[in-house]
Amino acid sequence: MHPRQTKKPAATASAAAPDEQRLTASDNSRRRLLQNAAMLGGAAILTACGQQADAPAVHTGKQSWHWKMVTTWPRDLPGVGSGAQRLVDHIREMSNGRLDIKLYGSGELVPAFEVFDTVSSGTAEMGHGAAYYWKGKIPASQFFGSVPFGMTAGETTSWLYYGGGLALWNRIYQPHHVRAFPAGNTGVQMGGWYNRPINTAADLHGLKIRIPGLGGEVMRRLGANVINIPGSEIFTALSTGVIDATEWIGPWNDLTFGLHQAADYYYYPGWQEPGSTLECLINQQAWNSLPADLQAIVRIACQSITLDIHAEYTSRNQQALQTLVHEHGVQLRQFPDQVLAELRTTSAQVLEEISHSDADTAEIYASYMQFLRSVRDWTAKSEQVYLQIR
Ligand code: CA
């Protein structure tokens with residue numbers, strides 16, 4: 001039985017700064033004093049065990065917090081789902097059980113695409129997903145998931161932590177009483193599975209393909225018939241001809257779904273998702289209720305799981321790719337240069353148009369593109385040239 005239902009938080013503006021990395025101990029102490037004062041005034045609802053609803057949040061070090069985390073992934077889905085479970089396991093272990101978070105897979109408490117609203121309302125204190133799922137509500141969120149022909153995992157993490165990205169991310173979530181931390185990265189994905197070869201961009205005309213987000217919009221403009229279906233339905237749709245092609249994640253997850261049994265050609269690279277960031281969502285008032293040491297544990301656990309998930313994807317993907325090619329005879333193909341050039345040009349047009357959605361999106365687009373232009377020069381002279389000579 002779950003310990004408690006957390007009441008919907010009052011719709012008060014957050015006093016927390018967008019980037020906890022920048023908070024000092026005195027900032028945290030001052031904020032807790034402010035929180036305590038607010039709670040004494042009866043304006044807030046506490047979530048800590050054993051506290052009276054109108055008691056100040058004086059932390060003795062013996063209190064415990066019991067939270068719910070909803071996710072956009074099926075429970076234990078390799079990589080994204082198993083990584084989310086490891087995140088809450090790490091937090092429980094590092095906090096000696098003081099912050100105990102129960103994970104709910106997609107559909108167990110709420111459907112996948114209701115995760116953001118569930119954290120926003122405080123029905124669940126925490127969520128795990130990917131920011132581009134919320135594009136209908138917040139167009140700028142797409143820049144915090146993955147951007148076609150955008151930054152790699154390492155470059156994106158640099159932008160988020162040392163290029164102002166995380167502060168912008170939290171600014172667009174702040175009106176929804178949600179704060180975000182990067183919490184995983186899949187690395188470069190694969191281009192996907194096709195049941196016919198793609199030799200020129202004209203071959204995309206009329207192609208029925210499952211590809212979500214910005215990549216889907218790019219494909220649509222190049223004449224493809226883009227169909228959005230959840231991951232769990234991809235295999236059946238591809239094997240029965242409902243779709244002609246699909247992208248999913250990469251060799252590890254694609255092998256698990258058996259997609260090699262449903263299409264002949266496996267294309268690379270994943271131009272549409274060159275480094276997809278996963279996110280940990282936290283209800284702002286629940287976050288405010290935590291003492292500074294538990295906030296630090298959550299913050300560092302999210303950094304840790306970002307490294308952990310990316311490392312596991314790299315390890316499992318290279319193993320699975322060998323299995324697909326050598327045990328299942330999968331035909332690997334790189335997209336032709338002409339096709340990639342069309343995709344790149346169209347991607348730039350789509351991004352530029354989205355930047356006009358609202359002022360936040362314009363600012364985030366400018367920040368993202370400025371960092372990309374700058375880091376591309378460094379990458380070209382470091383990792384890129386090194387990988388060419390290795
Ligand atoms: Ca994908």
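The residue numbering used here restarts from 1 in each chain and proceeds along that chain's sequence as written. Local features are withheld for residues below a pLDDT of 70 in this predicted model, meaning they are given only at 70 or higher, and side-chain atom pairs are given and counted only at 80 or more; totals for whole chains, interfaces and linings count all residues. For side-chain calculations, the full set of non-hydrogen atoms in the structure is used, while hydrogens and water are omitted.

Comments concerning the overall build of the chain
Then step 1. When you go through the chain residue by residue, the secondary structure sums to 13 helices and 11 strands.
Then step 2. Exposed residues in this analysis have more than 50% of their type's maximum accessible area, buried residues have under 20%, and partly exposed residues fall in between, with area computed by a 1.4 Å probe over protein chains only. A burial count over the chain gives 53% of its 390 residues as buried.
Then step 3. Two residues qualify as a contact provided that any one of their heavy atoms is within 4.5 Å of a heavy atom in the partner residue. Taking the intrachain contacts of the chain between residues at least 6 apart in sequence as the baseline, contacts between residues at least 24 apart amount to 76%.
Then step 4. Areas reported here follow the Shrake-Rupley algorithm with a probe of radius 1.4 Å; residue values treat only the protein chains shown as occluding. Surface summary for the chain: the accessible area is close to 16900 Å², and the carbon and sulfur share equals 53%. We count a stretch as a helix when DSSP gives it H or I for four or more residues in a row; a strand needs E for two or more, and each element gets its number in order from the N terminus.

Here's the deal with the state of the cysteines
Each disulfide consists of one covalent bond between the sulfur atoms belonging to two cysteines.
Then step 1. Disulfide assignment relies on a single distance test, namely cysteine sulfur atoms paired within 2.5 Å. All told, the structure shown has zero disulfides when counted by the stated rule.
Then step 2. Counting only cysteine sulfurs, Cys302 is the nearest neighbor of Cys280, a cysteine outside any disulfide, at a range of 3.9 Å.

Looking at the coordination of the calcium ion
In ideal tetrahedral geometry, four donors around a metal make angles of 109.5 degrees, whereas ideal octahedral geometry with six donors gives angles of 90 or 180 degrees.
Then step 1. Think of the donor list as every N, O and S atom within 2.8 Å of the metal, or within 3.2 Å for Na, K and Ca; water never makes the list, so a site can look incomplete. The coordination sphere of the calcium ion contains the protein donors Gln189 (OE1), Glu247 (OE), Glu247 (OE), Trp248 (O) and Glu273 (OE), at a distance range of 2.2 to 2.7 Å.
Then step 2. Counting residues between consecutive donors of the calcium ion along the chain gives the motif Q-x57-E-W-x24-E. With Gln189 in the loop between strand S4 (178-185) and strand S5 (192-194) and Glu247 in the loop between strand S8 (245-246) and helix H8 (251-257), the pair connects residues that are 58 residues apart, well separated along the chain.
Then step 3. A residue is classified by how much of its surface remains accessible, and Gln189, at 4% relative accessible area, is buried.
Then step 4. Judged by its relative accessible area of 1%, Glu247 is buried.

A word on the side chain of Gln272
Then step 1. Mapping Gln272 onto the fold places it in the loop between strand S9 (265-268) and strand S10 (277-283).
Then step 2. Think of a polar contact as two N or O atoms within 3.5 Å of one another; within protein, one of them needs to be a possible hydrogen donor and the other a possible acceptor, and neighboring residues in sequence only count if both atoms come from side chains. From its side chain, Gln272 meets the backbone oxygen of Met190 in a polar contact 3.0 Å long.
Then step 3. A polar atom in the side chain of Gln272 sits 2.8 Å from the side chain of Glu247.

Some words on the side chain of His66
Then step 1. Structurally, His66 is set in strand S1 (residues 65-71).
Then step 2. Judged by its relative accessible area of 17%, His66 is buried.
Then step 3. In terms of polar contacts, His66 uses its side chain to reach the side chain of Ser64, at 3.4 Å.
Then step 4. Only 3.4 Å separates the side chain of His66 from the side chain of Asp100, close enough to count as a polar contact.

A short note on the sheet that holds strand S7 (residues 225-226)
Then step 1. Read from one edge to the other, the open sheet built from six strands follows the order S7-S6-S8-S5-S9-S11, with strand pairing classed as mixed. Sheet topology places S7 and strand S11 (331-334) at the edges, where each strand pairs with a single neighbour.
Then step 2. By the convention used here, strands pair only if DSSP detects at least 2 bridges between them. Here two bridges tie strand S6 (residues 208-210) to S7, and the two strands are oriented parallel to one another. Within S7, the position partnered with Ile209 by the bridge is Val226.

Points about the nonpolar core
Then step 1. Ranked by internal contacts, the top residues of the largest apolar core, which has 55 residues, are Phe144, Tyr173, Tyr194, Met219, Leu281 and Leu343.
Then step 2. Those elements that place two or more of their residues in this core are helix H3 (115-121), helix H4 (153-162), helix H5 (165-173), S4, helix H6 (213-221), S9, helix H11 (337-354) and helix H12 (359-381).
Then step 3. Top element by residues in this core is H12. It accounts for seven residues.
Then step 4. In contact with Leu343, not counting residues within four places along its chain, are Phe149, Leu204, Val218, Met219, Leu222 and Trp271. We define a nonpolar core as any set of buried Ala, Val, Leu, Ile, Met, Phe, Trp, Tyr and Cys residues linked to one another through side-chain atoms lying within 4.5 Å.

As for the sheet that holds strand S3 (residues 126-129)
Then step 1. Strand order in this open sheet of five strands is S2-S1-S3-S10-S4, and the pairing throughout is mixed. Strands with a single pairing partner mark the edges of an open sheet, and in this sheet they are strand S2 (99-104) and S4. Between one strand axis and the next, the sheet turns by 25 degrees as a mean value, whatever way the strands run.
Then step 2. As paired strands, S1 and S3 are joined by three bridges and run parallel to one another. Its bridge partner lying in S3, Thr71 is registered against His128. Here the axes come from fitting lines to C-alpha atoms, over the contacting stretch only for helices, and the angles between their N-to-C directions go from 0 to 180 degrees.

So, the packing of aromatic side chains
Then step 1. Pairing of aromatic side chains here covers Phe, Tyr and the six-membered ring of Trp, requires ring centres within 6.5 Å, and sorts the geometry by plane angle: under 30 degrees stacked, over 60 edge-to-face, intermediate tilted. A complete count under the given rule lists 20 aromatic pairs for this structure.
Then step 2. When the ring of Tyr133 is compared with that of Trp134, the centres are 6.0 Å apart and the planes differ by 75 degrees; the resulting orientation is edge-to-face.
Then step 3. Exposure remark for Trp134: the relative accessible area of 4% places this residue in the buried category.
Then step 4. Between Phe144 and Trp169, the aromatic rings sit 5.1 Å apart at their centres with planes inclined by 10 degrees, giving stacked as the arrangement. With Phe144 in the loop between S3 and H4 and Trp169 in helix H5, this pair connects stretches of sequence that are 25 residues apart. There is no split in this pair, since Phe144 and Trp169 are both buried.

Focus on the environment of Thr71
Then step 1. Structurally, Thr71 can be placed in strand S1.
Then step 2. For Thr71, a relative accessible area of 2% corresponds to the buried category.
Then step 3. Placed 41 residues apart in sequence, Thr71 and Ala112 show a C-alpha to C-alpha distance of 6.4 Å.
Then step 4. Those residues in contact with Thr71, other than ones at most four positions away along the chain, are Ala84, Leu103, Tyr104, Gly105, Ser106, Ala112, Val115 and His128.

These results come straight from atomic positions and should not be treated as a statement about function.
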